[in-house]
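One-letter residues, chain by chain:
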Amino acid sequence: MNRRDFIRRSALFPALLAPLPAMAQGNEFSVGMSADLSGPLQNLGRDYFTGAKLAFDQANAAGGGRRIRLIQIDDAGDPARAIANTQKLLASERVDVLFGYTGDAAVSAVAASPVFRQSGRALFAPMSGVDVTNNDRIVFLRATYAEEVATVLARFARIGLASLAIAHTSGPASAAARNAAVALMRERKAPDPMLFTLADDGRNASALARDITNRKPQAIVILADTIAAGLLARELIPRSPGLFVCMISTVDVMTLQQIVGPKDSVGIVVSRVVPDPARATAPIARDFARAAAKMLDEAPSATSFEGYLAARALLAAMQRGTDFGNGFDSRRLRALDLGGWSLDFSRGNRASHYVDTSVISRTGTLSG
């Protein structure tokens, strides 16, 4: 079954929601998800959902616990729609937990909204690297963008690349990630990177590429959404063929390749916040591979593996009797071992700081 068929059969859109068979009261656990399924991050949103749905389906098939009812609504990457979806999930669907939201703007808007702040509900495993550190009802299972950038640039420095750069947009999430990455690199005794500002819509990509080429960095991390990052890479790579170009984990590789072109996109480095599912050997990775092989007819991605890990983490927290309502505090989760993938909540609401990299291959897939 391909991903789109899998999603269509998964109670995904409000029009497709059907009541489950009657069950004893309290024997159902409702998970509410607002995600980008038709906007700029739709491929990532669909992959993330697919991985999570695999894990929840496994849990329901195994039985022995509360049945998971996953309710997902498309927000197309629109923050206002994400807030409206949250209102519906909380008020109409009465979900037990909010889960797996996608997109920085949507996650930030929901986190700051009265509908979420007054709900008392937890938001578990949003797919975003924004650094929301002052809300213990938001549970992050991925590294921050600052950690992605600093880790990648530090690795470039370790292999002898001395002139490093960051191209970033002017939005608050991008600017905050830039500042935090520079601070983290200084803490790690790495050289300061050159900094370049990319327009949010990429309109200055050509001029910026000339400027970057004249400054001659050996490696650059582009901290922007897929379209702006792709436009800059398309202008930059032909001018600087020896430059190491890196994108962050929330860039949609399929769209990126369409913008940059199949030839020039080969060799672009993409950071990951979970292990490569094609090479990971941990028990949970094997569980994921078996489920994906059984249910899907396309290769699993790092994003679908991330969704699977997030759902398994939620299930593990449920098994501990966690209440995701009023009084929820992420630090009470302490540590979770998901079969070779460990999460530590003792230092706050971000339980993983894992960063690794892959490279776009000649076949258009991520390798390494």
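Throughout what follows, the structure given in this document is the object of discussion. All figures in this text were calculated on a predicted structure; none of them were measured in a lab.

With respect to the helices and strands, the residue Val139 is situated in strand β5 (residues 138–139). Separated by 16 residues in sequence, Val139 and Leu123 have C-alpha atoms that sit 6.3 Å apart. Setting aside residues up to four positions removed in sequence, Val139 forms contacts with Leu123, Phe124, Ala125, Pro126, Phe328, Ser330, Phe345 and Asn349.

Further remarks concern the pairing of strand β2 (residues 67–74). With 7 of 8 residues buried, β2 is to be regarded as a mostly interior element. The pairing of strand β1 (residues 28–35) with β2 spans 8 bridges and is parallel. From the neighbouring strand, Phe29 faces β2, where its bridge partner is Ile68.

Our focus in this paragraph is the side chain of Ser34. In this fold, Ser34 is placed in strand β1. For Ser34, the side chain forms a polar contact with the side chain of Asp75, separated by 2.7 Å. Side-chain polar atoms of Ser34 contact the side chain of Asn85, separated by 3.0 Å. Excluding anything up to four places from it in sequence, Ser34 contacts Ile73, Asp75, Ala82, Asn85, Leu89, Phe99, Gly100, Tyr101 and Thr102.

Two numbers describe how helix α9 (residues 226–239) lies on helix α10 (residues 253–260): the axes approach to 8 Å, and their chain directions differ by 40°. Taken as axis vectors, α9 and α10 run oblique relative to one another. Crossing hand, α9 versus α10: right-handed. Of α10, the residues touching α9 (which contributes Thr226, Ile227, Gly230, Leu231, Ala233, Arg234 and Ile237) are Thr255, Leu256, Ile259 and Val260. By residue class, the composition of the contact of α9 with α10 is 7 nonpolar, 3 polar and 1 charged.

The rules behind each value
- Residues numbered from 1 in each chain as written.
- Predicted model: local features only at pLDDT ≥ 70, side-chain atom pairs only at ≥ 80, totals over all residues.
- Heavy atoms only, no water.
- Helix = DSSP H or I, 4+ residues; strand = E, 2+ residues; numbered from the N terminus.
- Contact = heavy atoms within 4.5 Å.
- Buried < 20%, exposed > 50% of the residue type's maximum accessible area, 1.4 Å probe, protein only.
- Pairing = 2+ DSSP bridges.
- Polar contact = N/O pair within 3.5 Å; in protein donor to acceptor, adjacent residues only side chain to side chain.
- Axes fitted to C-alpha atoms, helices over the stretch in contact; angles between N-to-C directions.
- Parallel < 35°, antiparallel > 145°, perpendicular 65-115°, else oblique.
- Left-handed = near helix turned anticlockwise from the far one by under 90°.
- Nonpolar A, V, L, I, M, F, W, Y, C, P; charged D, E, K, R; others polar.

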